[in-house]
Structure formats: C-alpha cells, structure tokens
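A look at the structure
The chain contents come next:
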Amino acid sequence: ELADLFIQDRITINDGLDVWLGARATLAQANIGRAEDPVSGNVSSFEDEWTSTVGSARFVQQLDDEKVYSLFGGVSQGFRAPNLSDLSRLDLARSGEIETPSPGLDPEKFTSFEIGVRREEERTRASASWFYTDIEDYIVGTRTGRIVDGSNEVTKINGGNGYVSGVEMEIEQGLTDNLTLFGWWSWQDGDLESDGVREPASRLMPFTAEAGIRWTPTDKVWVELLAYGAAEQDMLPARDVLDTERIPPGGTPGYVIGTVRGGYDFGNGLSLTAALENFTDEAYRVHGSGINGPERNFIFGAEWKF
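Residues numbered from 1 in each chain as written. Predicted model: local features only at pLDDT ≥ 70, side-chain atom pairs only at ≥ 80, totals over all residues. Heavy atoms only, no water.

1. Here we look at the environment of G258
Cut-off, in case you're wondering: Secondary structure elements follow DSSP: runs of H or I of four or more residues count as helices, runs of E of two or more count as strands, with numbering from the N terminus. We call two residues in contact when some of their heavy atoms are within 4.5 Å.
Examined against the element boundaries, G258 turns out to sit in strand β14 (residues 255–267). A C-alpha to C-alpha distance of 33 Å links G258 and A238, two positions 20 residues apart in sequence. With sequence-adjacent residues up to four places away left out, G258 is seen in contact with L226, A227, L276, E277, N278 and F279.

Structure (structure tokens):
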C-alpha cells in the first residue's frame with residue numbers, strides 16, 4: 001500500500017532564471033499474509049511500514065538575450081521502499097541460487113546531482129549533461145552459506161553504499177529543410193561497497209549511442225536510417241560474473257544494429273509506418289537483460305486518430 005503527497009512550485013526569479021522546488025511525502029506499507037520458511041517449511045506472516053520525505057530543487061538559467069544557450073541543473077532526493085519480492089520471495093534467482101524471504105529491510109536512499117548546458121535554435125538542438133547519484137542502504141543479495149534444494153541460499157540486506165555517475169549528450173542538426181542529422185550517447189561509471197568489498201555496480205550500462213539521418217521530402221512522408229549500439233561491458237561484480245544465464249562469461253559483447261523506418265500521413269488522422277530493424281541480422285544482447293535481441297525484424301503499423 002502506497003500513499004504520496006507531492007507539491008511543486010515554479011518560481012521565476014527574473015527574465016532569465018526559473019527555479020523549481022518540490023517535496024514528496026511517502027507512506028509505504030507491506031503486509032505479507034503467507035510466507036514459507038525455507039528451512040522448516042512453516043507458514044509465517046509479517047508486516048512493516050516506512051515513511052519518507054524527499055525534496056528537489058532545479059533551475060534553468062538563460063545565458064544570452066536570444067535564449068539560445070541555457071544552463072540547467074539541480075539536486076533531487078529519492079526513496080524506494082522494499083517491495084514484496086524483496087521481502088518474501090522464495091524462488092530461483094541468479095545462476096545456481098535460490099532467494100529466500102528477507103523481512104526487516106530498510107528503504108534505499110538516493111541523492112542525485114545534475115548540471116548541463118543546452119542550445120536551441122531553429123535547426124540546431126543540442127545538450128550535454130553530467131550527473132552523480134549517491135546511493136545509501138542499497139538492497140543487495142548475499143549468500144548465507146546454506147544450501148536450499150540444492151542451490152546456494154541468497155537473502156537480501158541493506159548492504160550497499162556507492163554511486164553512479166555519467167555523461168549524456170544529444171544533438172539534432174538540420175542540414176537542409178528536408179535532411180536532419182541526429183544522435184545521442186551515454187556513458188556511466190559507478191560502484192557499490194558491500195561487506196567491505198568495493199566492486200562495479202551490478203548491470204552497469206555500457207557506453208551506448210545512436211546516430212541517424214531523417215529525410216522528410218514532404219509534410220506527409222518521412223524516412224529514417226539509424227544505427228544503435230553499445231560497447232562491451234566487462235566491468236562486472238562477482239555476482240554478475242556468476243550470473244552466466246544473463247551475462248556471457250567475460251562480459252556482454254558490444255554490438256551495432258542498423259534500422260530503416262518510415263511513415264506516410266494520409267490525413268484525417270490516418271498514418272502508416274513500416275520498419276526493418278536489425279537489417280544486418282546482428283546477434284546481440286542488452287547487458288544484464290538475459291534476453292537476446294530480435295533478429296532481422298519487420299514491423300508494419302497503422303494509426304487512426306479521431
């Protein structure tokens with residue numbers, strides 16, 4: 001059960017500076033009516049509740065009279081109460097592990113900082129930003145040393161403290177009235193300390209990017225050619241190294257996939273779209289997902305708005 005109260009206000013300091021201030025109060029309650037003890041098999045029940053108040057402050061500062069360039073940033077707090085899976089799961093987890101109920105967990109706490117610059121003109125839109133997220137009481141799974149049904153028992157604790165930081169950039173540049181280049185890239189780094197051991201954060205997103213070109217010969221037709229890919233991710237904590245069902249030995253390989261897509265607007269709210277995704281038939285997997293991406297893929301769609 002969740003209850004939230006949220007308030008936010010936009011404050012205009014002057015013609016070039018806007019500030020947003022916000023706060024959220026949260027009450028979370030969990031009632032586990034039936035949970036099985038993994039050792040005795042007995043039925044148990046328990047309940048718990050958590051409260052939190054978090055805040056945020058953000059700003060946008062125009063850097064020139066034409067309002068082409070702007071500086072933005074802010075600080076925001078986050079809160080995540082343990083969910084039912086964290087508290088009462090009794091099921092297979094990662095490779096060779098079984099996760100057992102973990103009552104008594106505390107919420108995870110996050111504080112994020114961001115700063116960036118943005119440029120907006122008729123044909124050029126671009127932004128670059130840096131962020132840093134401080135992590136406290138992160139819920140992590142740890143092996144207890146016991147064997148349950150032939151698998152290593154894992155229980156969850158508030159054992160992780162660390163950070164994730166990164167840089168993100170995106171750009172859209174009109175070459176002519178009909179041709180537009182666009183792209184973005186994202187890079188992250190981070191680690192967690194648990195039981196005195198500091199390791200890379202689990203399932204950390206590798207360097208990821210997309211680039212493409214869009215052609216709009218008329219107001220009714222558009223065509224895009226784009227490439228999307230990610231670098232190899234071999235920065236793995238010990239638990240990810242053991243999780244060979246989701247992450248290949250040595251890390252997730254990098255990949256690049258190509259896509260061509262387009263659409264036609266018939267008017268009166270009717271439009272058709274078509275796409276050929278991964279036209280090179282690349283074998284790939286999004287890091288940590290445990291699922292291989294689709295092979296060469298055809299998509300046709302129709303939309304009618306009325």
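Now that the structure has been shown, we can carry on.
2. A word on unusual backbone geometry
Its identity as a non-glycine residue notwithstanding, D137 has a phi of 55 degrees, on the positive side. In this structure, D137 sits in strand β8 (residues 124–148).

3. Things to note about a nonpolar patch on the surface
Stated precisely, the cut-off is as follows: Candidate patch residues must exceed 30% relative accessible area and have no salt bridge, after which like charges are joined if within 9 Å and Val, Leu, Ile, Met, Phe, Trp or Tyr side chains if within 5 Å. Method for areas: the Shrake-Rupley scheme with a 1.4 Å probe, in which residue coverage is limited to the protein chains shown. Salt bridges are counted wherever a side-chain nitrogen of Lys or Arg sits within 4 Å of a carboxyl oxygen of Asp or Glu.
Residues Y264, F266, L270, L272, W304 and F306 make up a contiguous nonpolar surface patch of about 710 Å² in total accessible area. Of all elements in the fold, only β14 and β15 (270–277) reach the threshold of two or more residues within the nonpolar patch. Within the fold, F306 resides in the segment after β16 (297–304).

4. Some points on the pattern of salt bridges
What counts, and what does not: When a residue's accessible area, from a 1.4 Å probe over protein chains only, is under 20% of the maximum for its type it is buried; when over 50% it is exposed; and in between it is partly exposed.
For the structure on display, the rule yields 22 salt bridges. A salt bridge links R80 to E108, with the nearest nitrogen and oxygen atoms 2.8 Å apart. Here E108 lies in strand β7 (residues 108–120) and R80 lies in strand β4 (residues 69–80), a separation of 28 residues in the sequence. With a relative accessible area of 28%, R80 lands in the partly exposed category. Where R246 meets D243, a salt bridge forms, and the shortest distance between an N and an O atom there is 3.4 Å.

5. A closer look at the nonpolar core
Applicable threshold: Buried Ala, Val, Leu, Ile, Met, Phe, Trp, Tyr and Cys residues form a nonpolar core when they are joined through side-chain atoms within 4.5 Å.
If you look at the biggest cluster of nonpolar residues, it comprises 10 residues: A28, A30, I32, A35, F46, W50, A81, L87, L105 and I139. Of all the secondary structure elements, the ones that give two or more residues to this core are β2 (17–36) and β3 (43–62). Those residues in contact with L105 that lie beyond four places of it in its chain are D48, W50, P82, D86, L87, I139, K156, I157 and N158. Among the nonpolar cores identified, the runner-up in size contains six residues, and F131, I135, L192 and A201 belong to it.

6. Description of the packing of aromatic side chains
In plain terms, the rule: In this scheme Phe, Tyr and Trp rings, the latter by its six-membered ring, pair at centre separations within 6.5 Å, and the angle between planes marks the pair as stacked below 30 degrees, edge-to-face above 60, and tilted otherwise.
By the definition in use, this model includes eight aromatic pairs. Judged by centre distance (5.7 Å) and plane angle (35 degrees), the ring pair of W185 and F207 falls under tilted. Residue W185 is found in strand β10 (residues 179–194), and its partner F207 is found in the loop between β11 (197–200) and β12 (208–215); the two are separated by 22 residues along the sequence. Through a chain of ring-to-ring contacts, the aromatic side chains of W184, Y228, Y255 and Y284 assemble into a single cluster.

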